[in-house]
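Examination of the molecular architecture
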Amino acid sequence: MKQVVHAACPHDCPDACGVLITVEGGRATKIQGDPRHPVTRGFLCAKVAKYLDRVYSPDRVLYPMRRIAAKGTAAERSFAPHGQPGACPELVEGAAVPTQAWQRITWDEALDEIAQRLRMIIAEFGSEAILPYSYGGTLGALNGASMDRRFFTRLGASELERTICSSAGEAGLESVMGVKLGTEPEQFVNSRYIIAWASNIHGNNVHLWPFIAEARRKGAKLVVIDPYRTRTAACADWYLPINPGTDAALALAMMHVIIGEGLHDADYVARYTLGFDELREKVKAYPPERAAQWTGIAAEDIRKLAREYAAIRPAVIRVNYGVQRSEGGGMATRAISMLPCITGSLKEAGGGIHLSTSGAFDLNKHSLRRPDLRPQGAKTPRAVNMVELGKALNTLSDPPLKALLVYSSNPAAVCPNHNEVVRGLRRPDLFTVVHEQFLTDTTDYADIVLPATTFFEHKDLQAAYGHYYLQISDQAIEPLGECRSNVELFRALATRMGFNDECFHESVDEMIDGALVSNNPWLQGITRKRLQSESHLRLNFAPSTESASKPADGAPQPFLPFARGNFRTPSGRAELYSEAMKSLGLDPVAEFTPPSESRYGSDKATFPLELLARKADNFLNSTFSNLPSIQQMEDTDLLEMHSADARSRGIVDGAPVRVYNHRGEIFLKARVDGAVQPGVVSARLNWAKLSPGFRNINVLTSEKLSDLGNSATFYSVLVEVESTNSIP
Ligand SMILES: Nc1nc2c(c(=O)[nH]1)N[C@H]1C(S)=C(S)[C@@H](COP(=O)(O)OP(=O)(O)OC[C@H]3O[C@@H](n4cnc5c(=O)[nH]c(N)nc54)[C@H](O)[C@@H]3O)O[C@H]1N2
Ligand SMILES: Nc1nc2c(c(=O)[nH]1)N[C@H]1C(S)=C(S)[C@@H](COP(=O)(O)OP(=O)(O)OC[C@H]3O[C@@H](n4cnc5c(=O)[nH]c(N)nc54)[C@H](O)[C@@H]3O)O[C@H]1N2
Ligand code: SF4
Ligand SMILES: [Mo]
């Protein structure tokens, strides 16, 4: 029997696509984008279009396994039955066990062993010796953060500060606007001036592109501000390569021009902002000539950008998280967020700014996560920042970390300062459990590996961070092998630990219902039943208060949350001056400080080149990088550099190079193709064990945290490059 199931892509991507999965005889036979979804509009990105290859990969982990070899042994990594290091043919159903590294065990054995080890660790060191580690494997509301949080809260484990991705930018945006709301993708068709600021739209947010293309057909201009010439930059009307980490200087200089020339919206500023006089004073120190020296963008271009942005309306800024993976990333996002507040473009359909829409999905977090499960009288456990995993594993004491429970994340690939992370993961006394779909860089250091379902195999509720539609993702097929979802894993572990709180028995549907119980008017009327029958629902925005203009054609009214102020800051206004920033010891308006690891920073003498350790367009962070059909679409192990930097080092296109700094070294192949400016080099994230020496680009990145939000600083890294005879 043939059946089409509606699901939602749970990967860490703003688009949260509506997906249709065709199932025949219990097997998924086709995946396509849901044509009814207003943002997905019938197509998927290239990687998820090939998702059957991932679900039915012969390399899927299908059974619980116990390690029987030393952690991270070369034998395990070079084991290549499908031409894929790390793959494990014995896990194909019906085949023989065990491998050199793994012994198949039952779920009962695995759960017993984990529970016993955790109890022993708690008895000797206390529950804070246990650390969960999860991030963006799935953004499903349930599998992302529900049963797991209940379990770890009840256990009293150390808390994980989940700031590897977006917290600097969030803090920057919220310091001005108080909430993460952004221009609807559908409204980009009305824009006449579009700035893609640190926004790799073709790579990371491809469903926005058709709206931009439509706007351009109607005459809109697309400007791209990015130190790397992305595919989006290559087809822009105007590409402005900027020196990494200098965006705050550019935004402040733009405001210097806009305010200095009286191009701001005095009425909007007077009604809805706070601190304009302080901002006016502050930007006097940022004339375009000064910003040009830092940004590498000519003063005349800065003036032109500022004037066009203020004059051509509606003007929208699609700023993405690339801008905040830098030491001053919070302040940069704060400064950029002020631009639409002073031009008043937040009033216009097709104006405003879009960093994230996630603040609109006010799901009932209490019901999902149950923070009240903390045992009475217990103190709040310590927080460990996920960016500093290497440091935490190697240096934390009182108590030291003794158990690491990893799910929905691949820290041995995605964490900065890879060598330190691996040194920690190798500790024989560290008990590591990894719940995974594949044998990743992290499972190479696991004591126990547990098999995880893909989104085809479980049900979930899906919000988004790039649009305003809520979806239910239905289960399309039975779990492969003995795979279990995150929800089911933590339900089972809770039972094993003897936690008999009722919430550990809640069904998935009950959890979805609980998540939808909210006082927020935007969720009123949205029920599981409706989601199930209508596949996606736009949040229930009240037209009268949030919209200024009415569309003619019966389309939903544009969502303009800040058309009449309504900022969720302490003052209720857009805070161009912020007491909260001041109390953090930061400039209460905004300022530019060069990142210490940059050409103008305090460490400038250490290594001469700025490294962008970027994401790959066809992978999702480290996910997908092990699949042959996806690898075909992506060039890996490359160091992109400018011809001037290559020439001065005697490096030619295609030559092997050694890239290094005080944290580590990696061997790559030079590509001299004009993607970066002089002084900048770039490489892409990949699984470490697929690259020479079992290393990835994070051997060079730093654990240093950003100015706001304790975020990672993947794009504030200095390195040197030298030619080498061969790649080892
Ligand atoms: N195909 C694909 N899609 C993805 C991902 C992926 O790995 N692959 N990752 C997902 C994740 S986790 C996230 S958080 C999102 C968001 O991902 P994005 O926010 O788009 O993040 P990045 O790709 O890190 O950065 C975007 C752009 O910023 C540029 N950039 C770097 N430094 C600077 C700077 O100092 N100034 C400026 N102006 N630009 C800079 C980079 O070169 C890059 O082109 O994408 C998601 N989507
Ligand atoms: N150099 C460099 N490093 C980076 C970045 C960068 O741009 N450059 N980007 C950073 C950013 S923005 C982010 S968000 C992080 C992302 O870091 P992670 O969230 O760790 O991202 P992934 O590499 O996608 O790893 C997710 C893992 O979860 C697994 N998984 C998927 N679904 C499930 C599930 O339902 N259950 C379980 N148990 N597992 C599942 C996948 O197989 C995959 O191995 O990486 C960061 N690291
Ligand atoms: S990864 Fe992003 S673009 Fe691709 S299907 Fe998932 S949500 Fe859509
Ligand atoms: Mo991310």
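Treat the numbers as computed from the prediction; the structure is a model and nothing was measured.

Definitions and cut-offs
- Residues numbered from 1 in each chain as written.
- Chains lettered and ligands numbered in written order.
- Predicted model: local features only at pLDDT ≥ 70, side-chain atom pairs only at ≥ 80, totals over all residues.
- Heavy atoms only, no water.
- Helix = DSSP H or I, 4+ residues; strand = E, 2+ residues; numbered from the N terminus.
- Rg over C-alpha atoms; globule rule 2.2 N^0.38 Å.
- Buried < 20%, exposed > 50% of the residue type's maximum accessible area, 1.4 Å probe, protein only.
- Contact = heavy atoms within 4.5 Å.
- Areas by Shrake-Rupley, 256 points an atom, 1.4 Å probe, with all protein chains shown as cover.
- Lys, Arg positive; Asp, Glu negative; His and termini not counted.
- Charge placed at Lys NZ, Arg CZ, Asp CG, Glu CD.
- Salt bridge = Lys/Arg side-chain N within 4 Å of Asp/Glu carboxyl O.
- pLDDT = per-residue confidence, 0-100.
- Pairing = 2+ DSSP bridges.
- Axes fitted to C-alpha atoms, helices over the stretch in contact; angles between N-to-C directions.
- Near = heavy atom within 4 Å.
- Polar contact = N/O pair within 3.5 Å; in protein donor to acceptor, adjacent residues only side chain to side chain.
- Phe/Tyr/Trp six-rings, centres within 6.5 Å; stacked < 30°, edge-to-face > 60°.
- Nonpolar A, V, L, I, M, F, W, Y, C, P; charged D, E, K, R; others polar.
- Parallel < 35°, antiparallel > 145°, perpendicular 65-115°, else oblique.
- Left-handed = near helix turned anticlockwise from the far one by under 90°.

**Describing the overall build of the chain**
Secondary structure summary: the chain contains 27 helices and 27 strands in total. For 728 residues, the compact-globule formula gives about 27 Å, and the C-alpha radius of gyration of the chain, at 25 Å, lands near that figure. Buried residues in the chain amount to 62% of all 728 residues. Counting only contacts in the chain whose residues sit at least 6 apart along the sequence, the fraction spanning at least 24 positions is 76%. For the chain, the exposed area adds up to about 25300 Å²; of that, 50% sits on carbon and sulfur atoms. Each charge sign in the chain was given a centre, from 79 positive and 83 negative side chains, and these centres are 2 Å apart.

**A short note on the pattern of salt bridges**
In total, this model carries 50 salt bridges according to the counting rule given. For lysine 180, the salt bridge is made with glutamate 170, and the minimal N-O distance between the two is 3.1 Å. Remark: glutamate 170 occurs in helix α7 (residues 167-177) and lysine 180 occurs in the loop between α7 and β8 (193-197); sequence separation between them is 10 residues. Judged by relative accessible area, lysine 180 falls into the buried class, the value being 13%. When the shortest N-O distance is used, the salt bridge between arginine 303 and glutamate 300 registers 3.1 Å. With a gap of three residues between them, arginine 303 and glutamate 300 both fall in helix α15 (residues 299-311), about one helical turn apart.

**Some details on the confidence of the model for the chain**
For the chain, mean pLDDT is 94; residues scoring 70 or higher make up 95% of the total. Low confidence marks residues 544-548, where pLDDT is under 50. Its contacts with residues over four positions away, or in another chain, come to 14 contacts.

**Some thoughts on the pairing of strand β16 (residues 431-436)**
When you tally the buried positions in β16, you get six out of six residues, the bulk of the element. In terms of strand pairing, strand β15 (residues 403-407) meets β16 through five bridges, oriented parallel. Looking at the pairing, alanine 403 lines up with phenylalanine 431 of β16. In this sheet, strand β17 (residues 448-451) lies alongside β16 in parallel orientation, the contact comprising four bridges. Note that in β17 the partner of glutamate 436 across the bridge is proline 451.

**Side note on the environment of alanine 515**
Inspection of the secondary structure puts alanine 515 in helix α22 (residues 508-516). The class of alanine 515 is buried, set by a relative accessible area of 0%. Sequence spacing of alanine 515 and histidine 366 is 149 residues, and the spatial spacing of their C-alpha atoms is 8.3 Å. Other than its neighbours up to four places away in sequence, alanine 515 contacts Leu363, Asn364, Ser367, Leu368 and Leu461.

**A closer look at the sheet that holds strand β19 (residues 469-473)**
Read from one edge of the open sheet, three strands run β18-β19-β20, paired in antiparallel fashion. Looking along the sheet, the strands with just one partner apiece sit at the ends: β18 (460-462) and β20 (536-538). Strand after strand, the sheet turns through a mean of 20° between neighbouring axes, direction not considered. With three bridges connecting them, β19 and β20 associate as antiparallel partners. In the sheet register, leucine 470 faces β20, and the bridge partner there is leucine 537.

**Examining unusual backbone geometry**
Omega for the bond connecting arginine 313 with proline 314 falls within 30 degrees of zero, at -10°, which places this linkage in the cis form. Aspartate 398 connects to proline 399 through a cis peptide bond whose omega is -5°. With respect to the helices, strands and loops of the structure, proline 399 is situated in the loop between α18 (389-395) and β15. Even without a glycine there, the phi angle at asparagine 566 is positive, about 60°. When you line up the elements, asparagine 566 lands in the loop between α24 (543-546) and β21 (574-575).

**Let's talk about the site of ligand 2**
Taken together, 33 residues lie around ligand 2, and Ser409, Glu436, Ala613, Ser622 and Thr623 are the ones closest in. Arginine 54 places a side-chain nitrogen or oxygen 3.1 Å from an oxygen atom of ligand 2. Measuring from a nitrogen atom of ligand 2, one finds a backbone N or O atom of glycine 137 at 3.4 Å. Against a free-state accessible area of 920 Å², the protein chains account for coverage of 98% of ligand 2.

**Considering the side chain of serine 356**
Summarising the element assignment, serine 356 is placed in the loop between β13 (352-354) and α17 (365-369). Judged by relative accessible area, which is 1%, serine 356 ranks as buried. Within the structure, the side chain of serine 356 is placed 3.0 Å from the backbone nitrogen of serine 358, a separation counted as a polar contact.

**So, the packing of aromatic side chains**
The full count for this structure, using the stated rule, is 21 aromatic pairs. When the centroid spacing of 6.1 Å and the interplanar angle of 35° are considered together, the rings of phenylalanine 499 and phenylalanine 504 count as tilted. Take phenylalanine 504: its relative accessible area is 1%, and that puts it in the buried class. Taken together through their ring pairs, the aromatic side chains of Phe151, Phe152, Tyr407, Phe490, Phe499 and Phe504 make up a single cluster.

**Quick look at the site of ligand 1**
Taken together, 31 residues lie around ligand 1, and Asp226, Tyr321, Asp617, Phe619 and Tyr715 are the ones closest in. Here asparagine 204 contributes a side-chain N or O atom positioned 2.8 Å from an oxygen atom of ligand 1. Between aspartate 617 and ligand 1, the recorded distance is 2.6 Å, taken from a backbone N or O atom to a nitrogen atom. Grouping the amino acids of the shell around ligand 1 by side-chain chemistry returns 15 nonpolar, eight polar and eight charged.

**Focus: the sheet that holds strand β3 (residues 27-33)**
With respect to topology, three strands assemble into an open sheet ordered β1-β2-β3, the strand pairing being antiparallel. At either margin of the open sheet sits one strand with a lone partner, and together these are β1 (2-8) and β3. Looking at each pair of strands side by side, their axes are set apart by 25° on average, direction ignored. Looking at chain direction, strand β2 (residues 18-24) and β3 are connected through six bridges and run antiparallel. Bridged to isoleucine 21 within β3 is isoleucine 31.

**Focus on the packing of helix α11 (residues 247-260) against α15**
Contact geometry of α11 with α15 gives a least axis separation of 9 Å together with a crossing angle of 65°. As summarised for this structure, α11 and α15 are arranged roughly perpendicular, according to the angle between their axes. As α11 runs across α15, the sense of the crossing is right-handed. Facing Leu250, Ala253, Met254, Val257 and Ile258 of α11, the residues of α15 in contact are Ile302, Arg303, Leu305, Ala306, Arg307, Tyr309 and Ala310. The residue makeup of the contact of α11 with α15, split by class, is 10 nonpolar, no polar and two charged.

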